[in-house]
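Take a look at the letters that make up each chain.
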Amino acid sequence: MLYPPLDTRYQVETPEGIDLPLRPAGLMVRALAFAIDLGLRGLILGLLFMVLAFLGKLGVGLGSLLLFVVSWWYMVLFEVLNQGRSPGKQWMGLRVVQDDGTPVGWSASLLRNLLRFVDMLPFGYFLGAISCLQHPTFKRLGDLAAGTLVIYREQSLTRPQLPDAQPVRPAFDLTLSEQRAILGFAERQDELSKARILELASILAQPLQVDPPRAVTELNGMARALLGPA
Amino acid sequence: MKQSLFEQRHKAEWDQFSLILGQLERGKGASRIGDFPQDYRRLCQHLALAQERGYSSFLIDSLQQLVLRGHQQLYRHRSRLGANVAGFILAGFPRLVREQWRFVLAAGLMFFGSLIGFALLVYLFPDLVYNLIPAEQVSELQSMYDPVAGHFGRTTERAASEDWVMFGYYIMHNIGIAFQTFASGLLLGLGSAFFLMFNGLMIGAVAGHLMHFGYGQTFWSFVIGHGAFELTAIALAGAAGLQLGWALIAPGRLPRAEALRLAAGKSVLLICGVMLFLLIAAFIEAYWSSTTAPAPMTKYLVGAALWALVTMYLLFAGRARHAPE
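The numbers attached to residues start from 1 for each chain and follow its sequence in the written order. Chains carry letters from A onward and ligands carry numbers from 1 onward, assigned in written order. Local features in this predicted model are restricted to residues of pLDDT 70 or higher, and side-chain atom pairs are both shown and tallied only at a pLDDT of 80 or more, whereas totals for entire chains, interfaces and linings draw on every residue.

Comments concerning the overall build of chain B
And then number 1: Across its full length, chain B holds 13 helices and zero strands.
And then number 2: Each helix is a run of DSSP H or I of at least 4 residues and each strand a run of E of at least 2, with the numbering of both proceeding from the N terminus. Starting at the N terminus and ending at the C terminus, chain B contains elements arranged as α-α-α-α-α-α-α-α-α-α-α-α-α.
And then number 3: The burial criterion counts other C-beta atoms lying within 10 Å of a residue's C-beta, which is placed from the backbone; the residue is buried at 20 or more, exposed at 12 or fewer, and partly exposed between these limits. Residue burial in chain B is summarised as follows: out of 325 residues, 39% are buried.
And then number 4: Each residue gets a C-beta atom placed from its backbone, and two residues are in contact if those atoms lie within 7 Å. Contacts spanning at least 24 positions in sequence make up 81% of the contacts within chain B whose residues lie at least 6 apart.

Points about the nonpolar core
And then number 1: Ranked by internal contacts, the top residues of the largest apolar core, which has 113 residues, are Ala107, Ala233 and Leu236 of chain B.
And then number 2: In terms of residue count, the dominant contributor to this core is helix H12 (residues 256-289) of chain B (14 residues).
And then number 3: Excluding its chain neighbours within four sequence positions, the residues that come into contact with leucine 236 of chain B are Val97, Val104, Leu270, Gly273 and Val274 of chain B.
And then number 4: Grouped together as the second largest cluster of nonpolar side chains are 12 residues, Phe185, Val216, Leu219 and Leu226 of chain A included. Among buried residues, those of type Ala, Val, Leu, Ile, Met, Phe, Trp, Tyr and Cys that are joined through C-beta atoms within 7 Å form a set called a nonpolar core.

Some thoughts on the packing of helix H2 (residues 57-81) of chain A against helix H4 (residues 106-114) of chain A
All names here are of chain A.
And then number 1: To obtain an axis, a line is fitted to C-alpha atoms, over the contacting stretch when the element is a helix, and the angle between two such axes runs from 0 to 180 degrees between their N-to-C directions. Orientation of H2 relative to H4, taken along the N-to-C sense of each, is 150°, at an axis distance of 9 Å. Every pair of crossing elements has a handedness; the one defined by H2 and H4 is right-handed. Contacts from Met75, Val76, Glu79 and Val80 of H2 reach H4 at Trp106, Ser109, Leu110 and Asn113.
And then number 2: The class makeup of the residues in the contact of H2 with H4 is five nonpolar, two polar and one charged. Crossing handedness is defined as follows: a turn of the near helix away from the far one that is anticlockwise and smaller than a right angle gives a left-handed crossing, while the clockwise case is right-handed. Side-chain classes follow a simple rule in which Ala, Val, Leu, Ile, Met, Phe, Trp, Tyr, Cys and Pro form the nonpolar group, Asp, Glu, Lys and Arg form the charged group, and the remainder, Gly included, forms the polar group.

Structural notes on the pairing of strand S2 (residues 19-22) of chain A
Residues and elements named next belong to chain A.
And then number 1: Residues Leu20 and Leu22 line the buried face of S2, whereas the alternating positions Asp19 and Pro21 sit on a face that is not buried.
And then number 2: One requirement defines pairing of two strands: DSSP has to find at least two bridges between them. Strand direction decides the pairing type here: strand S1 (residues 10-13) and S2, joined by four bridges, are antiparallel. When the sheet's bridge partners are listed, glutamine 11 is paired in S2 with proline 21.
And then number 3: Joining the antiparallel neighbours S1 and S2 is a turn of five residues, in which glycine 17 adopts a positive phi near 80°.

Considering the domain arrangement of chain A
And then number 1: Split into domains, chain A comes out as domain 1 (10-152) and domain 2 (176-224).
And then number 2: On a C-alpha basis, the centres of domain 1 of chain A and domain 2 of chain A stand 44 Å from each other. Each domain's extent was defined by an automatic or database domain assignment.

Some points on the interface of chain B and chain A
And then number 1: The partner chain A presents 50 residues to the 53 residues of chain B that form the contact.
And then number 2: Residue assignment for the side of chain B that touches chain A shows that the elements contributing at least two residues are helix H1 (3-25), helix H2 (36-52), helix H3 (57-74), helix H4 (80-83), helix H9 (160-183) and H12 of chain B.
And then number 3: The element best represented in the side of chain B that touches chain A is H9 of chain B, accounting for 14 residues.
And then number 4: Across the side of chain B that touches chain A, the residue classes break down as 27 nonpolar, 18 polar and eight charged.

As for the pairing of strand S3 (residues 94-98) of chain A
Two faces belong to every sheet, and in a regular strand the side chains alternate between them.
Residues and elements named next belong to chain A.
And then number 1: Most of S3 sits inside the fold, with five of its five residues counted as buried.
And then number 2: Of the two faces of S3, the one lined by Leu94, Val96 and Gln98 and the one lined by Arg95 and Val97 are each fully buried.
And then number 3: Of the pairings in the sheet, the one linking S3 to strand S4 (residues 148-152) comprises five bridges and is antiparallel in character. From the neighbouring strand, glutamine 98 faces S4, where its bridge partner is threonine 148.

Description of the domain arrangement of chain B
And then number 1: The assigned domain composition of chain B is domain 1 (3-74) and domain 2 (84-316).
And then number 2: For domain 1 of chain B and domain 2 of chain B, the distance between their C-alpha centres works out to 53 Å.

A look at the environment of arginine 169 of chain A
And then number 1: Looking at where arginine 169 of chain A falls in the secondary structure, it is placed in the loop between S4 and helix H8 (176-187).
And then number 2: Through-space distance from the C-alpha of arginine 169 of chain A to that of glutamate 218 of chain A is 9.5 Å; in sequence the pair is 49 residues apart.

Here's the deal with H1 of chain B
And then number 1: We define the bend at each residue as the angle formed by axes fitted to the 7 residues ending at it and the 7 residues starting at it. The largest bend in H1 of chain B comes to about 50°, at histidine 10 of chain B.
And then number 2: Along H1 of chain B, the residues that are buried comprise Phe17, Ile20 and Leu21 of chain B.

Description of H2 of chain B
Residue and element names in this part refer to chain B.
And then number 1: Multiplying 1.5 Å by the residue count of a helix minus one yields the expected span of that helix. The end-to-end C-alpha separation of H2 is 24 Å, in line with the 24 Å expected for 17 residues at 1.5 Å each.
And then number 2: Within H2, burial applies to Tyr40, Leu43, Cys44, His46, Leu47 and Ala50. Axial view of H2: buried residues confined to an arc of 160°, hence all on one face. Exposed and oriented more than 90 degrees from the buried face of H2 are Pro37, Gln38 and Glu52.
And then number 3: For H2, the elements touching its buried residues are H1 and H3. Here the arc refers to the set of directions running from the helix axis out to each C-beta atom.

Focus on the environment of glutamine 83 of chain A
And then number 1: Along the chain, the position of glutamine 83 of chain A falls in the loop between H2 and helix H3 (87-92).
And then number 2: We classify glutamine 83 of chain A as partly exposed; it has 17 C-beta atoms within 10 Å.
And then number 3: A sequence separation of 21 residues divides glutamine 83 of chain A from valine 104 of chain A, and the C-alpha atoms of the two residues are 7.6 Å apart.
And then number 4: Once you skip the residues sitting within four places of it in the chain, glutamine 83 of chain A turns out to touch Arg95 and Pro103 of chain A together with Glu25 of chain B.

What to know about the confidence of the model for chain B
All names here are of chain B.
And then number 1: Known as pLDDT, the predictor's per-residue confidence is scaled from 0 to 100. Overall, the prediction assigns chain B a mean pLDDT of 83, with 90% of residues at 70 or greater.
And then number 2: Confidence over residues 150-157 falls short of pLDDT 50; this stretch has 10 contacts with residues more than four positions distant or in other chains.
And then number 3: Here the predicted complex carries an ipTM of 0.85, next to a pTM of 0.82.

Here it is as structure tokens:
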């Protein structure tokens, strides 16, 4: 029996009965994303004000309109129109989704960004940080009210190269999780050091009734057999 | 079935699906869109099979990614805002305001009560104003509404470009206040109550003070027109905030988080109406309230008409059975 993995994954069950794992993003990476957005907004406003300064009175009016748009709508527009990613979030590989994994909509995005005001109270995101740290999926108050979630964007996967080995038929029946573990061992071998590979394989040396160095090839062979001919 | 055989059989399908997903994500109308739900459910079946047969993590993870992307394209929350703006303005918003009448009443009492109450107090005891507003600002205000000096200390009417300046300023300032009043309701409604009363006291202090000095004419004729929309909007924003707070204080049979989420969904619609009101108010304030050409009587009449309009709208719009949906 394997214990459920010790991580922050958040399962969404779809109407098709599939469990989709989402990976909520923690305080630190979100703070960095926000800092990037803040800097970017400052930059945009600075540039625009310089341009608007040449327009005189009209520029002042336009300027305060712009200040309004940038300070209250920057996040909302990006989140809704750019698949839940403001530039800062995009940079840090994050995105905003609804609790059920669907894209964030206008009302949810507006809500979570309006309530940002409360998260910032009494200074420097204090309430938001507290709420984020104590919540199992790292929600700040705005996320709680809007029913949204900040998650890591899925990275594109590259097919792992399985080590060459002669297919070996397992001597006994494998349970599902044992089968997954052996396949995982073979798939991850490129990322592991020699010593670690040996260490992992030697755990299974006794049940397989071989000495540790042989266990590596044995396990790879079993993985190859499970996968089937290429 | 071995994993490699499974992959061989379905790889073409998955690649095709991923191609269509890419098109959909970039917002292009994809070809063969009619088959999308079917393809998606087939993919779900493949994922379930792969998990059940203990295939390798790489295959399961990449199928999971495809399913997640498909899920995000197939299931979306219909935004109730964008769907029918006209229906919301003509019927949805006033209905919502009436539905939440308890909060609207409470917010209205806090805001208008403190406004009128403090205005009277300051009118009777003029020194009170200095408790709330610093002395320099008071004298600034006085010169601004001085009937001799014309509006805003200028003898001529403002140029069109200046109306534009003020329009931008009013939007920034007023909608900002409304947003604050709403958002701080999350602090058990205390924040909203504070901002409602604070703004009520400030406006009341200014009104009472100017009336005491006999500048009532310039002040009221300036304020009455856009006040219909602006003051109502602030009160409604407060009501939306109180609703948030109340969901936390008395969630009923729901868990607090759930009650908050439901209340927030409704209150954000109120806020959209509030923004609309404030846009109208900023427009009136910049282009009508600031003109000094019409006689004060005209301004009072127009102002009264606007107040009547807002009241009628909130009380009666969308009551008919077949109101525009």
